[in-house]
Amino acid sequence: MTGKQWIALIVVIIINVVIFASLITYLLTSGEPPTPTPSRTPRPTFTPTPSRTPTPILMPTYPPTPTPTTTPTGGAGEITPTPGPETPTASPALTITP
């Protein structure tokens, strides 16, 4: 082979080595997520408007429950019995006379 052919062959080999090295590097590091670069947040350019006063939420009101106005008749410590439901009394047997 001539000198020009050897130089061309060496140049092609070097190019292949560079391409394959970058391919292998890319494949080995592609599993890692890239680290985000922090960026500067610009200052806001708007003028804030005053906020409205929130409307209060009104809860429903129920009528007051009546309170007992009578006082117990017994003295302190006495228990007054309360009448229970009435039990029906036995009615006399009816007799029918012809």
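A brief report on the enclosed structure follows. (Residues numbered from 1 in each chain as written. Predicted model: local features only at pLDDT ≥ 70, side-chain atom pairs only at ≥ 80, totals over all residues. Heavy atoms only, no water.)

**Describing the overall build of the protein chain**
Tallying secondary structure elements over the protein chain gives one helix and zero strands in all. Out of the 98 residues in the protein chain, the part that is buried amounts to 0%. For the protein chain, the exposed surface amounts to about 10,900 Å²; the carbon and sulfur share of it is 68%. (Helix = DSSP H or I, 4+ residues; strand = E, 2+ residues; numbered from the N terminus. Buried < 20%, exposed > 50% of the residue type's maximum accessible area, 1.4 Å probe, protein only. Areas by Shrake-Rupley, 256 points an atom, 1.4 Å probe, with all protein chains shown as cover.)

**Things to note about a nonpolar patch on the surface**
Taken together, I7, V11, I15, I19, F20, L23, Y26 and L27 make up a surface patch of nonpolar side chains, about 830 Å² in accessible area. Inspection of the secondary structure puts L23 in helix α1 (residues 3-29). (Patch = residues over 30% accessible without salt bridge, like charges linked within 9 Å, V, L, I, M, F, W, Y side chains within 5 Å. Salt bridge = Lys/Arg side-chain N within 4 Å of Asp/Glu carboxyl O.)

Worth remembering: the numbers are spatial, not functional.
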